[in-house]
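The lines below spell out each chain.
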Amino acid sequence: MSDLDLLTQSLARNVKRWRTERGFTLDTLAGRAGVSRGMLIQIEQARTNPSIGTVVKIGDALGVSITTLLDYEQGPKVRIVPAEQAVRLWHTDAGSYNRLLAGTEAPGPLEMWDWRLMPGDGSPSDPHPTGTVELVHVMAGELTLTVDGTEYRVLEGASASFEADTPHTYGNKGDVPVEMVMAVSVPPVH
C-alpha cells in the first residue's frame, strides 16, 4: 500500500471516528466545516484525496489537528516525552514557571490521579472504552508502562500518553517508589 493510500485510509477512519465521537451527523459536520455532504461521504469511504484546505476545515469543525486526522499509526499509540522536551510556556525572574508535560485531544471527561507505586508493585488494567487516553508524568522513580504487551521505560521527569483501549499495566521494577500524576480522558457517552 502506498503512502497516499495509507493517508487516504487513515483520513477516512479518523474523520468517521471523530465525527461519531462528537455526535455529528454528516449534515452537521458538512455545515460546520463548509464542505459538501457528498465530499464527506467520499472522504469517509476513502474514495477521494481532498485538498489540505478541506482537511483543515474538517479538523477545525471537529476540534482536532490535521496531524490527528492524518495519523495512520495502527494499534496502540504511546508517546514518551523526555523531561528535556517538556515545553516551558511561561516563567518569571523569581523562578516561577509552568511546563506543558503532555497533551492529547480530549472529547469528554478528564480525570487526574496521584499515584505511588512501591518497588515490585504493579497495577494492571483491562482495556477502557475506545477513545480513552491516559497521560502520565513521573515525578520520582522509573515507571515500567506496559501497553498491549510492549514495555516502555518512563524515567523520572518524563511523560507518556497512550490510547488506553488495550490492556495496560503501571509497574515499578526499580528499588525506589514511583511517584506520578496520571490524567485519564474518557470519551463522552452519546
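Notes on the structure follow. (Residues numbered from 1 in each chain as written. Predicted model: local features only at pLDDT ≥ 70, side-chain atom pairs only at ≥ 80, totals over all residues. Heavy atoms only, no water.)

### Describing the packing of helix α2 (residues 26-33) against helix α3 (residues 37-44)
A pair of packed helices is captured by two measures, namely the crossing angle of their axes and the spacing between those axes.
So, point 1. Packing of α2 against α3 leaves a shortest axis separation of 9 Å and a crossing angle of 110°. Judged by the angle between their axes, α2 and α3 are roughly perpendicular. Crossing handedness for the pair α2 and α3: right-handed. Contact with α2, carried on its side by L26, D27, L29 and A30, involves R37, L40, I41 and E44 of α3 and no other residues of that element.
So, point 2. When the residues that make up the contact of α2 with α3 are grouped by side-chain class, the tally is five nonpolar, no polar and three charged. (Axes fitted to C-alpha atoms, helices over the stretch in contact; angles between N-to-C directions. Helix = DSSP H or I, 4+ residues; strand = E, 2+ residues; numbered from the N terminus. Parallel < 35°, antiparallel > 145°, perpendicular 65-115°, else oblique. Left-handed = near helix turned anticlockwise from the far one by under 90°. Contact = heavy atoms within 4.5 Å. Nonpolar A, V, L, I, M, F, W, Y, C, P; charged D, E, K, R; others polar.)

### Some details on the pattern of salt bridges
A side chain with one charge can pair with a side chain of the opposite charge if their charged atoms come near.
So, point 1. A full pass over the atoms with the stated rule returns six salt bridges.
So, point 2. Residues R17 and E21 are paired through a salt bridge, measuring 3.1 Å at the closest nitrogen-oxygen approach. Linking R17 with E21, this pair stays in helix α1 (residues 3-22), spanning four residues, or about one helical turn.
So, point 3. Judged by relative accessible area, R17 falls into the partly exposed class, the value being 24%.
So, point 4. Between R153 and E142 there is a salt bridge; the shortest N-O distance is 2.8 Å. Of this pair, R153 sits in strand β8 (residues 150-154) while E142 is found in the loop between β6 (133-140) and β7 (143-147), placing the two residues eleven residues apart along the sequence.
So, point 5. The class for E142 is partly exposed, based on a relative accessible area of 30%. (Salt bridge = Lys/Arg side-chain N within 4 Å of Asp/Glu carboxyl O. Buried < 20%, exposed > 50% of the residue type's maximum accessible area, 1.4 Å probe, protein only.)

### Observations regarding the sheet that holds strand β10 (residues 168-171)
So, point 1. One open sheet holds the four strands; their spatial order is β5-β10-β7-β8, and the pairing between them is antiparallel. Only two strands of the sheet have a single neighbouring strand rather than two, namely β5 (122-125) and β8. Shown here is a sheet whose adjacent strand axes are inclined to one another by a mean of 15°, direction ignored.
So, point 2. Taken together, the five bridges between β7 and β8 define a ladder with antiparallel strand orientation. Across the sheet, the residue bridging to L143 is V154, located in β8. (Pairing = 2+ DSSP bridges.)

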